[in-house]
Amino acid sequence: MNPRPAVAWIGQLDGYLQLIDQTLLPTQDVLIDCRTVEQVWEAIKSLRVRGAPAIGVAAAYGVIVGCQSQAELPRSEFDARLTHVLDYLATSRPTAVNLFWALDRMKATAAEQPDTLLSSELLSRLLEEARTIEVEDRAMCAAMGRFGAELLANCSGVLTHCNTGGLATAGDGTALAAIFAAAKANPKLQVYADETRPLLQGARLTAWELLQRGVHVTLICDSMAACVMKLRRVQAVIVGADRIAANGDAANKIGTYGLSVLAKAHGIPFYVAAPSSTFDLTLESGELIPIEERAASEITNGFGKQTAPTDCPVFNPAFDVAPAENITAIITERGVIQPVTVDNVRKMIKG
Ligand code: MRU
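Computed from a predicted model, the values in this text were never measured in an experiment.

Thresholds applied
- Residues numbered from 1 in each chain as written.
- Predicted model: local features only at pLDDT ≥ 70, side-chain atom pairs only at ≥ 80, totals over all residues.
- Heavy atoms only, no water.
- Helix = DSSP H or I, 4+ residues; strand = E, 2+ residues; numbered from the N terminus.
- Rg over C-alpha atoms; globule rule 2.2 N^0.38 Å.
- Buried < 20%, exposed > 50% of the residue type's maximum accessible area, 1.4 Å probe, protein only.
- Contact = heavy atoms within 4.5 Å.
- Pairing = 2+ DSSP bridges.
- Axes fitted to C-alpha atoms, helices over the stretch in contact; angles between N-to-C directions.
- Salt bridge = Lys/Arg side-chain N within 4 Å of Asp/Glu carboxyl O.
- Parallel < 35°, antiparallel > 145°, perpendicular 65-115°, else oblique.
- Left-handed = near helix turned anticlockwise from the far one by under 90°.
- Nonpolar A, V, L, I, M, F, W, Y, C, P; charged D, E, K, R; others polar.
- Right-handed = clockwise from strand over helix to strand, strands pointing away.
- Near = heavy atom within 4 Å.
- Polar contact = N/O pair within 3.5 Å; in protein donor to acceptor, adjacent residues only side chain to side chain.
- Areas by Shrake-Rupley, 256 points an atom, 1.4 Å probe, with all protein chains shown as cover.
- Domains from an automatic or database assignment.

Caption draft 1: Seen up close, the overall build of the protein. Summing up its helical and strand segments, the protein has 11 helices and 14 strands in all. Its C-alpha atoms give the protein a radius of gyration of 20 Å, near enough to 20 Å, the size a compact globule of 351 residues would have. The C-alpha extent of the protein, read off along each of the three principal axes, is 65 × 50 × 40 Å. Buried positions account for 57% of the 351 residues belonging to the protein. Here the analysis covers contacts within the protein between residues at least 6 apart in sequence; of these, 75% occur between residues at least 24 apart.

So this is what it looks like as structure tokens:
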């Protein structure tokens, strides 16, 4: 696990949410304190906290931050505020289902409590639930690490995309947890990290995490992945996911779909690592997953430098969908789904 968590609750019921500001990495390692729900919303929207599981944990704590001021008020006022805060946080980002999953858990926790409970007691119960979400996520990361490492056991090189590590979760990560565990067993493992245009989560965050943990990492531009596969430098591709539909189609950072096609063309296994909280069995297929589109400036003026003509039209989807048929296996905390079929997904996730 990272020396410092990406998402942490500091203090007790009157505490606050502390985040590593991921927009500043790798050159500045700065903590930010969120004491209002607007700050939490902004931190999620602008990717100060990012990665599907970490967004879920941050949102759960965001509910506490948003309701603290009503803790001494009658339940009717507290309940109205809670509804507002849940709805508001749900508007921060659309694709990672972990956000909605965590908010639904907070909502269900409130609904289970008797109406006679004082507002402060309900807030306390909600904080317990947020802490449970965090602790469970850490355990899920550890389990995915163990299952994933088995699949990577015979690899001398693996390729990954975006950031799926300690910064993206409450624990060691999803795909990166598997890589950390595989590298522990095989210290010679070479990790090829896509830089991940346009916001460079691979270059800024994944390379940073791997170097910190002493894992061999080689950074490549996204467009070099085909060449790395052709040269047989990797024997597996492993990525995370933001939402997985009932048929196993997996939405993840833009570029993932292309990698799945390339891996198939080169006969290389393509693995997705994601906890059960990333599955959305209400959606039949990946076509129904809402895909976030982000500002054109991320492409035309990335990191403050203009790199395209002024007013050039831009298409900037933040995610794409790897179809189940391109996915060799999905690694969850409950086990490995292989082959990726509707039945196997349902069996693993619904139990
Ligand atoms: O836009 P981001 O940085 O939040 O996108 C993150 C990803 O796409 C990750 O690969 C995904 O959330 C898996 S996280 C463990």
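Caption draft 2: How the structure looks around the sheet that holds strand β13 (residues 329-332). Taken in spatial order, the seven strands line up as β6-β5-β4-β7-β10-β13-β14 in an open sheet, and their pairing is mixed. Edge positions in the sheet fall to β6 (216-220) and β14 (335-337), since each has one partner strand and no second. On average, adjacent strands in this sheet sit at an angle of 25° to one another, irrespective of strand direction. Sheet topology places strand β10 (residues 270-273) next to β13; three bridges connect them, and they run parallel. Within the sheet, the bridge partner assigned to Val272 lies in β13 and is Ile330. Against the sheet, helix α11 (residues 342-350) touches β13 and β14, its axis set at about 160° to β14.

Caption draft 3: Just the pattern of salt bridges, in detail. Under the defined criterion, the tally for this structure stands at 17 salt bridges. Residue Glu134 pairs with Arg138 through a salt bridge whose shortest N-O separation is 2.4 Å. In this pair, Glu134 and Arg138 are both assigned in helix α5 (residues 119-151), four residues apart and thus about one turn of the helix distant. When its relative accessible area of 12% is taken as the criterion, Glu134 is described as buried. What makes Arg138 partly exposed here is its relative accessible area of 29%. With a shortest N-O distance of 3.1 Å, Asp343 and Arg346 are connected by a salt bridge. Of this pair, Asp343 and Arg346 are both found in helix α11, three residues apart, which corresponds to roughly one turn of the helix.

Caption draft 4: Expanded view of the packing of α5 against helix α6 (residues 175-185). Between α5 and α6, the shortest axis-to-axis distance is 7 Å and the interhelical angle comes to 55°. Classified by the angle between their axes, α5 and α6 sit oblique to one another. For the element pair α5 and α6, the recorded crossing hand is right-handed. For the pair α5 and α6, contact is made by Cys141, Met144, Gly145, Gly148 and Ala149 and by Ala177, Ala178, Ala181 and Ala182, respectively. Classifying every residue of the contact of α5 with α6 by side-chain character gives seven nonpolar, two polar and no charged.

Caption draft 5: Structural view of the sheet that holds strand β1 (residues 7-10). Taken together, the three strands give an open sheet; going across it, the order is β1-β2-β3, and neighbouring strands pair in antiparallel fashion. Only two strands of the sheet have a single neighbouring strand rather than two, namely β1 and β3 (31-34). Across this sheet, the average inter-strand angle for adjacent strands is 30°, counted without regard to direction. For β1 and strand β2 (residues 16-20), the ladder comprises four bridges, and the chain directions are antiparallel. Its bridge partner being in β2, Ala8 is matched across the sheet by Gln18. Strands in contact with helix α2 (residues 52-67) are β1, β2 and β3; relative to β1, the strand with the most contacts, it is inclined by about 25°.

Caption draft 6: Representation of the environment of Gly202 in the model. One can find Gly202 in helix α7 (residues 201-212). When its relative accessible area of 0% is taken as the criterion, Gly202 is described as buried. Distance from Gly202 to Gly173, taken between C-alpha atoms, is 14 Å for residues 29 residues apart in sequence. Once residues within four sequence positions are removed from consideration, Gly202 is found in contact with Cys162, Ala193, Asp194, Glu195, Thr196, Ala207 and Leu219.

Caption draft 7: Here's a closer look at the pairing of strand β4 (residues 157-160). What you see with β4 is no split at all: Gly157 and Leu159 on one side and Val158 and Thr160 on the other are buried throughout. Across four bridges, β4 lies against strand β5 (residues 190-194) in parallel orientation. Looking across to β5, one finds that Thr160 is bridged to Ala193. Once you follow β4 into α6 and on to β5, the crossover reads as right-handed.

Caption draft 8: Fine view of the site of the ligand. With respect to spatial proximity, 18 residues lie near the ligand, and among them Arg50, Ala52, Arg93, Asn252 and Lys253 are the closest. In the environment of the ligand, an oxygen atom lies 2.8 Å from a nitrogen or oxygen atom belonging to the side chain of Arg93. Here an oxygen atom of the ligand and a side-chain polar atom of Asn252 are 2.6 Å apart. Notes on the ligand: free accessible area 410 Å², of which the protein chains cover 99%. Those elements that provide at least two residues to the shell around the ligand are α2 and β9 (250-253). A breakdown of the residues in the shell around the ligand according to their chemical character gives seven nonpolar, seven polar and four charged. Shared between two domains, the shell around the ligand takes at least three residues from each, and those domains are domain 1 (7-139) and domain 2 (144-350).

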